[in-house]
Amino acid sequence: MPVEIGSHYDVVIVGAGHGGTQTAIALRQGGFSGSIAIVGDELELPYERPPLSKEYFAGQRDAARIRIRPEAFWADKDIALLLGHRVARVDPAGREVWASVGGRIGYGKLVWATGGRPRPLPCHNSGAENLLYIRTLADADRLKALAETAQRVVIIGGGYIGLEAAAVLRKAGKSVVLLEMLDRVLARAAGEEMARFVEAEHRRHGVDLRLGTRVEALEGGDRITGIRLAGGERIPCDFVVAGIGIIPAVEELAEAGAATGNGVLVDDRCRTTLGDIYAIGDCAAHRNAHAELAIIRLESVQNASDMATVVARDIMGQGQPYAAIPWFWSNQYDLRIQTIGLSIDHDDTIIRGDMASGSFAVIYIRSGRIVALDCVNATRDYVQGKALILAGMHVASDLDRERLADASLPLKSLLAIEA
Amino acid sequence: MEALREGGFDDILALCGGCCSCATCHVYIEHGPEELKAPGSDDEDDLLESSAHRGEGSRLSCQITLDGAHDALTVRLAPED
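Calculation rules
- Every chain's residues receive numbers from 1 upward, in the order its sequence appears when written.
- Each chain is given a letter, starting from A, and each ligand a number, starting from 1, according to the order in which they appear as written.
- In keeping with the model being predicted, local features are shown solely for residues with a pLDDT of at least 70 and side-chain atom pairs are shown and tallied solely at 80 or more, while totals for entire chains, interfaces and linings include all residues.
- Hydrogens are left out, water is left out, and the side-chain values use all remaining heavy atoms of the structure.
- Here the term cavity refers to a set of points on a 1 Å grid, laid over the protein atoms alone, in which a 1.4 Å probe fits but cannot get out; the term pocket refers to an open set having protein on both sides within 12 Å along at least five of seven lines, with lining residues being those that place an atom within 4 Å of a point.
- Grid points are joined across faces, edges and corners, and a volume is the space filled by probe spheres set on the points.
- Here a helix means four or more residues in a row that DSSP labels H or I, a strand means two or more in a row labelled E, and each is numbered from the N terminus.
- Strand pairing is assigned whenever DSSP detects at least two bridges linking the two strands.
- Burial classes follow relative accessibility: with a 1.4 Å probe on protein chains only, a residue under 20% of its type's maximum area counts as buried, one over 50% as exposed, and anything between as partly exposed.
- Aromatic rings from Phe, Tyr and Trp, taking only the six-membered ring of Trp, are treated as a pair when their centres fall within 6.5 Å; an angle between ring planes under 30 degrees marks them as stacked, one over 60 as edge-to-face, and anything in between as tilted.
- In this scheme, the term charge over a ring applies when either NZ of a lysine or CZ of an arginine sits within 6 Å of the ring centre and within 35 degrees of the ring normal.
- Note on definitions: a residue-residue contact is assigned when non-hydrogen atoms from the two residues lie within 4.5 Å.
- Two parts placed together each lose some accessible area; with a 1.4 Å probe, that loss summed over both constitutes the buried area.
- We define a salt bridge as a side-chain nitrogen of Lys or Arg found within 4 Å of a carboxyl oxygen belonging to Asp or Glu.
- Residue type decides the class: Asp, Glu, Lys and Arg count as charged, Ala, Val, Leu, Ile, Met, Phe, Trp, Tyr, Cys and Pro as nonpolar, and the leftover types, Gly among them, as polar.

(A) Highlighting empty space enclosed by the protein. The tally for this structure, following the rule as stated, stands at 3 cavities of 30 Å³ or more. One number sums up the size of the largest cavity: a volume of about 120 Å³. Lining of the largest cavity is provided by A:H18, A:T21, A:Q22, A:E48, A:I68, A:R69, A:V301, A:S305, B:R5, B:L13, B:A14 and B:L15. Contributing elements (two or more residues each) for the lining of the largest cavity: α1 (18–29) and α7 (301–315) of chain A. Counting residues per element, the lining of the largest cavity draws most heavily on α1(A), which supplies 3 residues.

Structure (structure tokens):
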């Protein structure tokens, strides 16, 4: 779709992921009648990312079935999809963005929903043909194609992306080595007990999981043939999957003068420091009410979607602060992992139920209050735990701890005791 | 859930994409086979419990696989929580 020079929209959204699309959808749902355009750098119709490494890779859902909305939806709602365009420059004074092909698009409000780029491996051949990062549909297609013939894979990074990739590739019968630099997996996302459980599950499913392992080099130049570790050991492989985090895509906003740090800084309405420019989703550094107002970024569908709703309402003059409780999910093997709240800076944990049974919850406590739960095959605790977090339930005594640890006592009954 | 989305019912969030991990594709079965009116699993039952709008015939639409027997199925979208 060519961008006409001189075109103008009341709302221009940069980024066609979960956050960008939900902004447009929420505006139309709210009755917004102004013009809306979504500028996306990929050519595909907007799609869901979480299934890429799971149902899409496994062939259970094709590209049409992971679309955020059917093709006709966007035209029906008068939402212009300007696909295949990267925004190279933002001009806040002139209220326009410059698309990479040279078209300028004027805006009334600009919503920056660009997410991030996978952090490249720090090596000279980080663009090798058989090295991939799982972020886009194109990445997932490459993974599928490689997995058709290749057998030996090395995964670098023990975060959720790397672990989910390990699970699907093991399920597909590949031999999988997973390398993590730190001494445990999920260092950013979960506590130690949870990490140890997940590590054991991956090993039980045949993943060669190595912790505290530093990669020295990817051998073979443009076609990687093996990984050399810091100790000198060499692991031969057919392809490499890297999942070592993302770099928020905010350079253009920074160049335009927006305050940035780890991402672009936004206030509680997702407003950047530049007038009429919002930022949402993975790239938005915000003070989070569930992290004692620490400035953080959250990389999740929930965060992208809820921030989108906050922005849509603010544009329509019904602003309210972003305060949604974070939640997250991951599926690996037969593990349904559901997280509610933020465990950042927790200082205590309680294991609820029996980890060996494969169904349990880790309750995270910060300064005596419940702040988060990681639930494994324990959806009921995930659902009921939310109320405990929102109530800021105190864990004051050993009796409290015993009750919370007893999986036969419903969490919601414990909240009643607190009250 | 996919049929609703494909049909252009844009009120349906379906945030987890249909893997029974949230409760944002909540519907009420209005007219349809009786067995469709009860949750299909404990997980679905628990997630529905998280909705303030749970009522008769509450289901997560991502957990209903449509087939020929569902020709005249009528569902109503639950309000967003």
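(B) Structural detail: the sheet that holds strand β17 (residues 260–261) of chain A. All names here are of chain A. Taking strand neighbours across the sheet as the criterion, the 4 strands line up as β17-β18-β20-β21 in an open arrangement whose pairing is mixed. In the strand order of this sheet, the two ends are held by β17 and β21 (295–296), each with one partner. Pairing of strand β18 (residues 263–265) with strand β20 (residues 284–287), which is carried by 2 bridges, proceeds in the parallel orientation. Pairing of L265 across the sheet is with A285, part of β20.

(C) Up close: the pairing of strand β25 (residues 359–366) of chain A. Residue and element names in this part refer to chain A. Here β25 lies mainly inside the structure; 7 of its 8 residues are buried. Note that strand β24 (residues 348–354) and β25 share 7 bridges and pair antiparallel. Within β25, the position partnered with I350 by the bridge is I363. Where β24 hands over to β25, the hairpin turn is made up of 4 residues, of which G358 adopts a positive phi near 85 degrees. As defined by bridge partners, β25 adjoins strand β26 (residues 369–376) across 7 bridges and the pair is classed as antiparallel. Pairing of I363 across the sheet is with L373, part of β26. Here β25 hands over to β26 after 2 residues, with S367 in that stretch at a positive phi of 50 degrees.

(D) Just the packing of aromatic side chains, in detail. Residues and elements named next belong to chain A. Counting across every chain of the model gives 4 aromatic pairs over all chains. Residue placement shows R89 over the ring face of W98; its charged tip is 4.3 Å from the ring centre. The ring of W98 carries R104 above its face, with NZ or CZ at 4.0 Å from the centroid.

(E) Summary view of the environment of A:S330. All names here are of chain A. Within the fold, S330 resides in strand β22 (residues 327–332). As for S330 and E164, which are separated by 166 residues in sequence, their C-alpha atoms are 7.6 Å apart. Sequence-distant contacts of S330, defined by excluding residues within four places in its chain, comprise Y160, E164, L335, R336 and I337.

(F) Molecular detail of the pairing of strand β15 (residues 239–242) of chain A. All names here are of chain A. Judged by which residues are buried, β15 turns out to be covered on both faces: F239 and V241 on one side and V240 and A242 on the other are all buried. Pairing geometry for strand β8 (residues 131–133) and β15, over 3 bridges, is parallel. When the bridges of β15 are listed, L131 appears paired with V240. The pairing of strand β9 (residues 152–156) with β15 spans 4 bridges and is classified as parallel. For I155, the partnering residue across the bridge sits in β15 and is V241.

(G) Quick peek at unusual backbone geometry. Residue and element names in this part refer to chain A. Even without a glycine there, the phi angle at C270 is positive, about 65 degrees. In this structure, C270 sits in the loop between β18 and β19 (277–279). Look at C270 and you get buried, because its relative accessible area is 0%. Despite not being glycine, Y333 shows a phi value in the positive range, around 50 degrees. Among the structural elements, Y333 can be located in the loop between β22 and β23 (335–341).

(H) Quick look at the interface of chain B and chain A. With 20 residues of chain B at the contact, the number on the chain A side is 26 residues. When the buried surface of chain B facing chain A is broken down by residue, B:R5, B:D10 and B:L15 rank first, second and third, together holding 31% of it. The interface formed by chain B and chain A contains 5 salt bridges. Among the salt bridges present, the one from B:E2 reaches A:R65, with a minimum N-O distance of 2.6 Å. Counting residues per element, the ones that place at least two in the side of chain B that touches chain A are α1 (2–6) and α2 (42–49) of chain B. Split by residue class, the side of chain B that touches chain A holds 9 nonpolar, 3 polar and 8 charged.

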